[in-house]
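# Coordinates in review
Listed below, chain by chain, are the residues.
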Amino acid sequence: MKETLRLHHPIPLLLPRNAMQETNYIGYIGYMIPKETQVFMNAWAIRRDLECWEDPMYFKLERFLGSNIEIKGQSFEFIPFGSGRRICVGISLAERVLHLGVTSLLHYFDWKLGKDVTPESMDMNDKMGITIRKLVPLKVIPNKSVMLEPS
Ligand code: HEM
């Protein structure tokens, strides 16, 4: 789940912030930010930063195994729910619903790729917006899991 949130950051620019006061020194990573400036945090770019991630463009399930990178806004290289005072208030619900939703779909159905779709030809690019979605919708066919058939 974490690797999916990293590679396909759902809200790429988080929510905008307004600077409450001017930074009175050229100190904040070299920028002077005037009061009332609207600031966007490019979390989408951070997730592909080579300084933070090894092979950032690859989906690696094992990436987070044994790692202490978490989603609660303290690991700044991974902030799918934002950080600070305005961090997403729905984190706990979202975490549970995502796990429950995906595991239920996997448990109750056997999935087949649609006609003409192969793992190699599958387009995993994102379509940008306030939230992201798949650029090309994935065609898959759910079949009721044989494990659930009465014997
Ligand atoms: C995968 C699911 C979700 C993702 C990726 C997500 C992501 C985010 C992000 C990035 C922010 C902006 C945080 C920031 O700018 O620092 C946010 C804010 C917020 N989220 Fe979520 N969210 C999710 C689910 C939910 C759910 C389930 C709820 C409510 C039940 C929720 C309620 C909110 C609210 C109310 C805010 C605004 C908080 C504020 O401005 O004080 N979110 N979310």
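You'll find the structure just up there.
Here's a quick rundown of the structure. (Residues numbered from 1 in each chain as written. Predicted model: local features only at pLDDT ≥ 70, side-chain atom pairs only at ≥ 80, totals over all residues. Heavy atoms only, no water.)

## What about the coordination of the iron atom of the ligand?
Just one protein ligand coordinates the iron atom of the ligand, and it is Cys88 (SG) at 2.3 Å. Within the secondary structure layout, Cys88 lies in the loop between helix H2 (43-46) and helix H3 (91-108). (Donors = N, O, S within 2.8 Å, 3.2 Å for Na, K, Ca; no water. Helix = DSSP H or I, 4+ residues; strand = E, 2+ residues; numbered from the N terminus.)

## Notes on the environment of Phe64
Along the chain, Phe64 turns up in the loop between H2 and H3. In this structure Phe64 comes out as buried when scored by relative accessible area, which is 11%. Between the C-alpha atom of Phe64 and that of Phe78, which follows or precedes it by 14 residues, the distance is 11 Å. Contact partners of Phe64, with chain neighbours within four places excluded, come to Lys2, Glu3, Arg6, Trp53, Ile69 and Phe78. (Buried < 20%, exposed > 50% of the residue type's maximum accessible area, 1.4 Å probe, protein only. Contact = heavy atoms within 4.5 Å.)

## Side note on the layout of surface pockets
Of the voids in this model, the second largest pocket is the one considered here, and its volume is about 760 Å³. Lining the second largest pocket are 20 residues, with Met1, Thr4, Phe59, Val102 and Met124 sitting closest to its centre. Mapped onto the lining of the second largest pocket, the elements with two or more residues apiece are helix H1 (2-7), H3 and strand E3 (109-113). In terms of residue count, the dominant contributor to the lining of the second largest pocket is H3 (four residues). Across the lining of the second largest pocket, the residue classes tally to 17 nonpolar, two polar and one charged. (1 Å grid on protein atoms, 1.4 Å probe; cavity = no way out; pocket = protein on both sides within 12 Å on 5 of 7 lines; lining within 4 Å. Points joined across faces, edges and corners; volume = space filled by probe spheres on them. Nonpolar A, V, L, I, M, F, W, Y, C, P; charged D, E, K, R; others polar.)

## Notes on the site of the ligand
Surrounding the ligand, one finds 17 residues, the nearest of these being Arg17, Gly82, Ser83, Arg86 and Cys88. Interatomic distance of 3.3 Å between a backbone N/O atom of Leu15 and an oxygen atom of the ligand. Between the ligand and Arg86, the relevant distance is 2.8 Å, taken from an oxygen atom to a side-chain nitrogen or oxygen of the residue. In terms of residue count, the dominant contributor to the shell around the ligand is H3 (three residues). For the shell around the ligand, the class distribution of residues is 12 nonpolar, three polar and two charged. (Near = heavy atom within 4 Å. Polar contact = N/O pair within 3.5 Å; in protein donor to acceptor, adjacent residues only side chain to side chain.)

## Some remarks on unusual backbone geometry
A negative phi angle characterises most non-glycine residues, just as the trans form characterises most peptide bonds. Phi is positive for Leu14, which is not a glycine, with a value near 50°. Exposure remark for Leu14: the relative accessible area of 14% places this residue in the buried category.

## Overview of the nonpolar core
Counting eight residues, the largest nonpolar core is built from Leu5, Trp53, Phe64, Ile69, Ile71, Phe78, Phe81 and Ile91. Beyond its immediate stretch of four places on either side in the chain, Ile71 contacts Lys2, Phe78, Pro80, Phe81, Ile91 and Glu95. (Core = buried A, V, L, I, M, F, W, Y, C linked by side-chain atoms within 4.5 Å.)

## Observations concerning the side chain of Ser75
Among the structural elements, Ser75 can be located in the loop between H2 and H3. A residue is classified by how much of its surface remains accessible, and Ser75, at 10% relative accessible area, is buried. In terms of polar contacts, Ser75 uses its side chain to reach the backbone amide nitrogen of Glu70, at 3.1 Å. Residues in contact with Ser75, not counting those within four places in the same chain, are Asn68, Ile69 and Glu70.

## Considerations on the environment of Gly82
Of note, Gly82 is situated in the loop between H2 and H3. When its relative accessible area of 7% is taken as the criterion, Gly82 is described as buried. In this structure the C-alpha to C-alpha distance between Gly82 and Val97, which are 15 residues apart in sequence, comes to 18 Å. Aside from chain neighbours lying at most four places away, what touches Gly82 is Leu14, Gly73 and Ile87.

Read these as spatial facts, not as claims about activity.
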